[in-house]
Amino acid sequence: MDNDLSARVHAAAVAGWWTFLVALVFFMTQWLGYLLIMHARPAWALPLWGPGATWDSIRSVWFLGLAFLKLSLWPLALTALWLTLWARRLRRNAPSS
């Protein structure tokens, strides 16, 4: 039973770290897109945001979205770290058989 719990917690920790990695890559892609779009300011970007969109509104909305995504990575990393440490402790305290 303990080995089964340890294996499940370890699998959850691995899944958490992979989710964190994918989210981090997505965040970095969004950040690079933000930098490129804000630097180039292409004409096709304004109609995509709807009527009345300005570069200041696009910058603030996109930046706030990126800030929320960045803040949501911290709980994910802390959860994955906690699961990793818990799995390590379960494996260390498991009886050898």
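This text follows the structure it describes.
Throughout what follows, the structure given in this document is the object of discussion.

### Here we look at the pattern of salt bridges
And then number 1: A full pass over the atoms with the stated rule returns two salt bridges.
And then number 2: For Asp-4, the salt bridge identified is with Arg-8, shortest N-O distance 3.4 Å. With Asp-4 and Arg-8 both in helix H1 (residues 2-40), this residue pair falls four residues apart, about one helical turn.
And then number 3: Ionic pairing is found between Asp-56 and Arg-59, a salt bridge with its closest N-O pair at 2.4 Å. One end of the pair is Asp-56 and the other is Arg-59, both in helix H3 (residues 55-93) and three residues apart, which spans about a single turn.

The rules behind the values
- Residues numbered from 1 in each chain as written.
- Predicted model: local features only at pLDDT ≥ 70, side-chain atom pairs only at ≥ 80, totals over all residues.
- Heavy atoms only, no water.
- Salt bridge = Lys/Arg side-chain N within 4 Å of Asp/Glu carboxyl O.
- Helix = DSSP H or I, 4+ residues; strand = E, 2+ residues; numbered from the N terminus.

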